[in-house]
Amino acid sequence: DFKCFVMVASLVIGIIFLIAGLGLRYWLNRRKFYRRGPMGAEGFSSYESSVFIKFIEKVGKWIAYGLIIFGLLSLWVYSREKKDREIQNMEIQKQN
């Protein structure tokens, strides 16, 4: 049944995107943490690398937010489809 396939696909996609987004956020924050020195200042080899790395990390952070939001929306769609399917099954049982 195609609807069942869509339900499982939205569940799997939701979990994958949620884990990927959370993993990306963790990785970016870990890099930033270990780049800090004893005084709390971030250490870069040059100004250009500082600008480039901060820009890439900012873009990565927004990509991670997008992945997390998309994953949560996919899980929400799965829960709605599951609830609708249960309601349909109950209506079919009442008719019989």
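Above this note sits the structure.
Draft legend 1. Representation of the side chain of E57 in the model. If you trace the backbone, E57 turns up in helix α2 (residues 47-95). Residue E57 is classed as buried on the basis of its relative accessible area, which comes to 11%. A distance of 2.9 Å separates a polar atom in the side chain of E57 from a polar atom in the side chain of R35. If near-sequence neighbours (up to four positions away) are discounted, E57 is found in contact with L28, R31 and R35.

Draft legend 2. How the structure looks around α2. Counted at 1.5 Å a residue, the expected span for α2 with its 49 residues is 72 Å, and the 72 Å between its end C-alpha atoms agrees. Burial in α2 covers these residues: S49, S50, E57, G60, A64, L67, I68, G71, S74 and Y78.

Draft legend 3. Up close: a nonpolar patch on the surface. Judged by side-chain polarity, W62, Y65, I69, L73, W76 and V77 come together as a nonpolar surface patch covering roughly 650 Å² of accessible area. Turning to its location among the elements, L73 is positioned in helix α2. Residue L73 is classed as partly exposed on the basis of its relative accessible area of 48%.

Draft legend 4. Representation of the layout of surface pockets in the model. Estimated volume of the largest pocket: approximately 200 Å³. Residue lining of the largest pocket: R25, L28, N29, K32, K54, E57, K58 and K61, and that is the complete set. For the lining of the largest pocket, the secondary structure elements donating two or more residues are α1 (2-35) and α2. Here the lining of the largest pocket is built from residues that sort into 1 nonpolar, 1 polar and 6 charged.

Draft legend 5. α1, seen in detail. Given a rise of 1.5 Å per residue, 34 residues ought to cover 50 Å, and the 49 Å separating the end C-alpha atoms of α1 matches this to within 8%. Where α1 is concerned, the buried positions are M7, S10, G14, L18, G21, R25, L28 and R35. For α1, the secondary structure elements touched by its buried residues are α2.

Draft legend 6. Fine view of the pattern of salt bridges. In total, this model carries 4 salt bridges according to the counting rule given. Of the charged contacts, one joins E42 and R35 as a salt bridge, the two residues approaching to 3.0 Å between their closest N and O atoms. Overall, the relative accessible area of 23% leaves E42 in the partly exposed class. A salt bridge links R35 to E57, with the nearest nitrogen and oxygen atoms 2.9 Å apart.

Conventions used here
- Residues numbered from 1 in each chain as written.
- Predicted model: local features only at pLDDT ≥ 70, side-chain atom pairs only at ≥ 80, totals over all residues.
- Heavy atoms only, no water.
- Helix = DSSP H or I, 4+ residues; strand = E, 2+ residues; numbered from the N terminus.
- Buried < 20%, exposed > 50% of the residue type's maximum accessible area, 1.4 Å probe, protein only.
- Polar contact = N/O pair within 3.5 Å; in protein donor to acceptor, adjacent residues only side chain to side chain.
- Contact = heavy atoms within 4.5 Å.
- Expected span 1.5 Å × (residues − 1).
- Patch = residues over 30% accessible without salt bridge, like charges linked within 9 Å, V, L, I, M, F, W, Y side chains within 5 Å.
- Areas by Shrake-Rupley, 256 points an atom, 1.4 Å probe, with all protein chains shown as cover.
- Salt bridge = Lys/Arg side-chain N within 4 Å of Asp/Glu carboxyl O.
- 1 Å grid on protein atoms, 1.4 Å probe; cavity = no way out; pocket = protein on both sides within 12 Å on 5 of 7 lines; lining within 4 Å.
- Points joined across faces, edges and corners; volume = space filled by probe spheres on them.
- Nonpolar A, V, L, I, M, F, W, Y, C, P; charged D, E, K, R; others polar.

Scope: geometric values only; no functional claims are made or implied.
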